[in-house]
Amino acid sequence: MADGLYFTTREGVYKLLTHSEYSRPNRVPFNSQGSNPVKVSFVNVNDQSGNGDRICFNVGRELYFYIYKGVRKAADLSKPVDKRIYKGTQPTCHDFNPLTATAESVSLLVGFSAGQVQLIDPIKKETSKLFNEERLIDKSRVTCVRWVPGSESLFLVAHSSGSMYLYNVENTCGTTAPHYQLLKQGDNFAVHTCKSKSARNPLLRWTVGEGALNEFAFSPDGKFLACASQDGFLRVFGFDAAELHGTMKSYFGGLLCVCWSPDGRYIVAGGEDDLVTVWSFLDCRVIARGHGHKSWVSVVAFDHCTTSVEDGELPAEFSGSDEDFHEQIHFGAGRERANSSHSRLSKRNSTESRPVSVTYRFGSVGQDTQLCLWDLTEDILFPHLPLSRTRTHTNVMSATSPTATGQTVTTVSITSTTNSSVTNGKDNVSDSSASGNPTNALPDPLPRSNSLPQATNPAGGSTPNSHTGSSCSSSSSKGNSIIDSAFIATKFATLSLHDSRKERNEKDHKRNHSMGHISSKSSDKLNQLSSSRTVKAEAAKTLGTTLCPHMEEVPLLEPLVCKKIAHERLTVLIFLEDCLVTACQEGFICTWARPGKVVSLQAF
């Protein structure tokens, strides 16, 4: 088997199914220069034949809808269920409504480069509605569109302007530009309603951060919203009450992608710093970073099938700070494809019991054409509890090491498998000795994070609200729903962009810029990514706080798998029950069968 056709993890071999590749019918690589990223959406229509998966993907000006045969049968590209070619604009993103999907009808939202959003039914080959048709609401590119979990009619749309809009499919958009009235304002965000005597779209308008809002993701229970912005901030909101729960700042540059763990406890974000950053929802702090990509990270996603607890005799329990965590996390109806099972958690609120072994698997793809897989394990999640067993498959790079005399010295290259240029510069010098915090000496077999400075949380893990530069809001999610109040007043939507907002300069970050160039000096230069003085000042203030810890202050993960799988930048990573799906900018959608899931492919 050719090396490019498989990769191996601890659970076995993942195999590329070349006959299950989806693309344009002629299979000719798409000339992607100047085009929007290829995106893929899935839905299951509960077909009684057992072949209910449907796939939609965009390539340039074209949009395709196929029956997805996955690992079962070879793809028949000559028979798309629906194909659409657009003029004057390009599809940029799309999303199915799983609640309304049947074998006879599906509701598919499509966002476009000119700002419009279209509701279509590719099975019936119908176009239901076109929203923002005259571009009176927003003229900028649609960056992300999602149905609100549990709703058959509400959907949320993000734009490169930095605004998000809540729509109702039953309402019209009006013939004049909407007028807004302030509903709620907070730290670098605002929510406005639309002043109207009758119900119209948009219901709400959010203005979030500076620059484009690149992606957002709803929590598995649909109650929280994580937003990744070009200003480098991750902002997590209580969706109904529009309250800011917490924030995180990238090491530098914009954040491009975000996803939630299946249980809603952790958020992973990626972007222009070439890193994947793991953020704790409960503690509102960065708990780990992952370095494996050589360029921007374009997609992150959790693998709900491989996320597990190996010693499963203990029940899933939440820590003591989880009163706000809505009693028990549940999943919205119709989200079983992406979140089919709960991740069982360790019983960390009982220090007397032996902690359960936890593994969260997530993946990332980037502009470096590489797929990376990562394991987030209990030695990172619960560093103050004894390990239930020795972990060998998760590599953690420490910033300090004890000498034979007991003195702590700073090391540049920690493991033989790590490029020493990753931790260069005085920004990465540990200050544990200067602060008087002793560094715990650990046995070699345990890749523990205890040896890293733990300035944010003492043992037991209290939230960092009292810490300087704290990223967690003290407000809970118990406030009144802004959606409900907007409906009662029949006035809906949000604030227009400030006229003073300036266009961002072209990014200094080159396509193949790697983490090897990061240093304290270059981090100062990276503030030039934005022309806004506010953003510059904010970046200087956040580095070294809980918003953006120094590189040596949190564990640095290495990928389990880091494999070049395409010729052009990767734009899609989706984990399904029996396979994972990737796509590149050339327009090729690839299926990788999970270990033991390969079947002899039948003819069309």
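About the cut-offs
- Residues numbered from 1 in each chain as written.
- Predicted model: local features only at pLDDT ≥ 70, side-chain atom pairs only at ≥ 80, totals over all residues.
- Heavy atoms only, no water.
- Helix = DSSP H or I, 4+ residues; strand = E, 2+ residues; numbered from the N terminus.
- Buried < 20%, exposed > 50% of the residue type's maximum accessible area, 1.4 Å probe, protein only.
- Polar contact = N/O pair within 3.5 Å; in protein donor to acceptor, adjacent residues only side chain to side chain.
- Contact = heavy atoms within 4.5 Å.
- Disulfide = S-S within 2.5 Å.
- Phe/Tyr/Trp six-rings, centres within 6.5 Å; stacked < 30°, edge-to-face > 60°.
- Pairing = 2+ DSSP bridges.
- Axes fitted to C-alpha atoms, helices over the stretch in contact; angles between N-to-C directions.

*Asks:* Please set out the side chain of His-94 residue by residue, giving values where relevant.
*Replies:* Locating His-94 in the fold gives a position in strand E7 (residues 91–96). Looking at His-94, the relative accessible area reads 4%, which means it is buried. At a separation of 2.9 Å, a polar atom in the side chain of His-94 contacts the side chain of Asn-58. Not counting residues up to four positions away in its chain, the partners in contact with His-94 are Lys-39, Val-40, Ser-41, Cys-56, Phe-57, Asn-58, Leu-63, Leu-108, Leu-109, Val-110, Val-145 and Arg-146.

*Asks:* Lay out the state of the cysteines with the relevant residues and their values.
*Replies:* Disulfides are covalent bonds that connect the sulfur atoms of two cysteines. Across all of its chains, the model carries 0 disulfides by this definition. Sulfur of Cys-579: no disulfide; nearest cysteine sulfur belongs to Cys-305 and is 9.4 Å away. For Cys-579, a relative accessible area of 0% translates into the label buried. With no disulfide partner, Cys-590 has as its closest neighbouring cysteine sulfur the one in Cys-584, 6.6 Å distant.

*Asks:* Tell me about the packing of aromatic side chains, residues and numbers included.
*Replies:* Taken as a whole, this structure holds 25 aromatic pairs when the rule is applied. Measuring from centroid to centroid gives 4.9 Å for Phe-7 and Tyr-14, while their planes differ by 10 degrees, and the two rings are stacked. Both residues of the pair, Phe-7 and Tyr-14, count as buried. Through a chain of ring-to-ring contacts, the aromatic side chains of Tyr-22, Phe-42, Phe-57, Tyr-64, Tyr-66 and Tyr-68 assemble into a single cluster.

*Asks:* Would you mind going over the pairing of strand E3 (residues 40–44) in detail, with residue names and values included?
*Replies:* Burial of E3 is extensive: 4 of the 5 residues sit out of reach of the surface. Sheet topology note: the E3/strand E4 (residues 53–59) ladder contains 5 bridges and is antiparallel. Bridge assignment links Asn-44 to a residue of E4, and that residue is Asp-53.

*Asks:* Run through the sheet that holds strand E18 (residues 224–229), naming residues and quoting values.
*Replies:* Within the open sheet, the 4 strands sit side by side as E17-E18-E19-E20. Their pairing is antiparallel. Two strands close off the open sheet at either side, each with one partner strand: strand E17 (213–218) and strand E20 (243–249). The sheet shows a mean angle of 20 degrees between the axes of neighbouring strands, direction not considered. As defined by bridge partners, E18 adjoins strand E19 (residues 233–238) across 5 bridges and the pair is classed as antiparallel. Residue pairing across strands places Leu-225 opposite Phe-237, the latter belonging to E19.

*Asks:* Give me the sheet that holds strand E35 (residues 579–584): which residues, what numbers.
*Replies:* The strand order across the open sheet built from 5 strands is E1-E2-E36-E35-E34, with neighbouring strands paired in antiparallel fashion. The sheet terminates laterally at strand E1 (6–9) and strand E34 (570–575), the two strands that pair on one side only. Along the sheet, successive strands turn relative to each other by an average axial angle of 20 degrees, direction set aside. Direction of pairing for E34 relative to E35: antiparallel, over a ladder of 5 bridges. Bridging from a neighbouring strand, Phe-575 pairs with Leu-580 of E35.

*Asks:* Which residues make up the pairing of strand E25 (residues 297–302), and what values do they have?
*Replies:* With 5 of 6 residues buried, E25 lies mostly within the body of the structure. Here E25 runs beside strand E27 (residues 358–366); their pairing, made up of 5 bridges, is antiparallel. Along E27, the bridge assignment pairs Phe-302 with Phe-362.

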